[in-house]
Amino acid sequence: MSASVELQDVCADFGNFRAVDKVSLSIEAGEFFSFLGPSGCGKTTILRMVSGFVSPTAGTISIGGKDMRDQRPNQRPTALIFQNLALFPLMPVWENIAFGLEARGIDKKARRQRAEELLALVDLPDAGDKAISQLSGGQKQRVAIARALAVEPSVMLLDEPLSALDLKLRQHMRAELRAIQKRTNVTFIYITHDQGEALAMSDRVAVMSHGKLQQVARPREIYDNPANGFVAAFVGESNIFNGTLASRTHELGTFQTENGVFEGRLGPGIDDSAKLYVRPENVRLAGAAHASNSIAVEVTDIAFEGNFISIRTVDGSGRIIVSEARNDGAGLVPDPGAKLYATFDAAKAFILADEFTAKPVVAA
Ligand SMILES: Nc1ncnc2c1ncn2[C@@H]1O[C@H](COP(=O)(O)OP(=O)(O)O)[C@@H](O)[C@H]1O
Ligand SMILES: [Mg+2]
């Protein structure tokens with residue numbers, strides 16, 4: 001079972017501080033949906049409102065088409081997994097998982113059986129009689145997920161559940177979580193400040209800043225077509241040029257910067273705050289100047305990262321421009337001191353407003 005979740009103009013105020021500001025979006029049943037944003041942007045507050053522990057000061061939240069206004073947390077079809085997992089150290093693994101079932105009057109044999117099914121689902125067979133202290137970090141994570149699934153929620157709410165794990169395990173658990181979500185088809189709402197997690201696991205991502213939605217889209221779209229400067233800078237790396245919009249045609253604009261006039265694609269809602277953003281992998285280094293979008297530079301540093309090579313250059317005004325090339329084993333790498341031209345396609349440069357304070361860009 002899974003359910004859709006709709007937020008309409010949802011606000012959360014703490015005193016006169018607005019932590020969540022008019023958030024509207026629809027999460028489909030069975031979707032893996034992430035909220036991504038820096039610490040303090042309102043992610044946990046949204047999750048707490050969906051689970052019913054915090055009431056919105058304005059707006060409505062519906063789950064499966066039903067208004068949740070008068071539904072207490074235990075009446076909602078949601079289960080919440082916290083960052084600190086909150087497992088019971090004195091109970092064996094299987095009792096931790098079956099804990100919520102006892103209150104529902106399910107007998108011990110059936111509870112044990114259900115716990116075993118869930119242990120198989122999270123890829124921890126034979127762990128039922130272990131003590132919590134015998135488990136690794138990743139295994140505890142799986143037990144917490146199994147325990148949340150035991151009460152058969154339609155919507156699983158996960159608040160940065162991987163943040164306590166080390167990098168390798170975190171990356172492994174991304175794939176695991178994604179697989180568990182697909183197996184159960186439960187709607188997952190996942191919160192993280194880690195762009196890699198959000199992009200790797202999610203069907204769609206909502207990027208937030210200061211309580212406001214900035215963009216809601218598929219991961220690829222968020223990365224390739226950021227809706228504004230906040231999204232472009234928070235997700236991935238960018239070379240950022242300050243300047244002013246000089247002219248615009250249909251989709252392209254010319255942008256006057258201290259480093260020259262460049263052409264780029266115009267994002268939505270451009271205003272005076274606009275800047276030009278170019279990802280390092282879209283900057284090419286060439287021996288001769290191109291007709292447009294070309295900057296004379298000198299190579300300063302080469303960083304060999306294994307699968308790619310990052311090349312730092314500096315232009316005449318001292319501005320650093322970073323170029324990144326995939327390591328295909330054959331590419332020529334310039335030496336420090338080489339005088340080249342940094343170029344980029346207009347289609348791969350974005351002229352974007354800083355941040356949305358009014359309406360976000362929301363894609364289905
Ligand atoms: N109960 C509360 N009382 C007052 N301020 C709160 C409360 N809960 C959250 N906040 C504030 O709301 C903002 C958003 O918090 P939170 O939703 O926890 O952000 P995130 O999970 O994105 O880090 C923060 O500035 C936080 O200090
Ligand atoms: Mg939080």
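Residues numbered from 1 in each chain as written. Chains lettered and ligands numbered in written order. Predicted model: local features only at pLDDT ≥ 70, side-chain atom pairs only at ≥ 80, totals over all residues. Heavy atoms only, no water.

(A) Main features of the domain arrangement of the chain. Each domain of the chain was delimited in the assignment, giving domain 1 (5–224) and domain 2 (229–359). On a C-alpha basis, the centroid separation for the pair domain 1 and domain 2 is 37 Å. If you look at the interface, domain 1 gives 16 residues, while domain 2 gives eleven residues. Together domain 1 and domain 2 conceal approximately 1200 Å² of surface at their shared face, both sides included; 59% is due to carbon and sulfur atoms. Ranking the residues of domain 1 by area buried against domain 2 places Gln 195, Gln 214 and Tyr 223 at the top, with a combined share of 45%. Counting across the interface, domain 1 meets domain 2 through zero salt bridges. Run the count over domain 1 and domain 2 and you get six residue pairs in polar contact (both at pLDDT 80 or more). Of all elements in the fold, only α6 (195–201), β9 (204–209), β10 (212–217) and α7 (219–224) reach the threshold of two or more residues within the side of domain 1 that touches domain 2. (Domains from an automatic or database assignment. Contact = heavy atoms within 4.5 Å. Buried area = accessible area lost by both parts, 1.4 Å probe. Salt bridge = Lys/Arg side-chain N within 4 Å of Asp/Glu carboxyl O. Polar contact = N/O pair within 3.5 Å; in protein donor to acceptor, adjacent residues only side chain to side chain. Helix = DSSP H or I, 4+ residues; strand = E, 2+ residues; numbered from the N terminus.)

(B) Examining unusual backbone geometry more closely. A positive phi angle is found at Asp 126, which is not glycine, with a value near 70°. Locating Asp 126 in the fold gives a position in the loop between α3 (108–121) and α4 (137–150). Residue classification places Asp 126 among the exposed positions, given a relative accessible area of 73%. One non-glycine residue, Asn 293, lies in positive phi territory at about 50°. For Asn 293, the location among the structural elements is in the loop between β15 (284–286) and β16 (294–304). (Buried < 20%, exposed > 50% of the residue type's maximum accessible area, 1.4 Å probe, protein only.)

(C) Structural detail: the site of ligand 1. Around ligand 1, a shell composed of Phe 14, Phe 17, Ala 19, Pro 38, Ser 39, Gly 40, Cys 41, Gly 42, Lys 43, Thr 44 and Thr 45 is seen. The contact in question runs from an oxygen atom of ligand 1 to an N or O atom on the backbone of Gly 42, over 3.1 Å. Within the side chain of Thr 45, an N or O atom sits 2.6 Å from an oxygen atom of ligand 1. In the complex, the protein chains occlude 57% of the 570 Å² of accessible area that ligand 1 would expose alone. Going through the elements one at a time, β2 (17–27) and α1 (43–51) are the ones with two or more residues in the shell around ligand 1. If one sorts the elements of the shell around ligand 1 by residue count, α1 sits on top with three residues. The class makeup of the residues in the shell around ligand 1 is five nonpolar, five polar and one charged. (Near = heavy atom within 4 Å. Areas by Shrake-Rupley, 256 points an atom, 1.4 Å probe, with all protein chains shown as cover. Nonpolar A, V, L, I, M, F, W, Y, C, P; charged D, E, K, R; others polar.)

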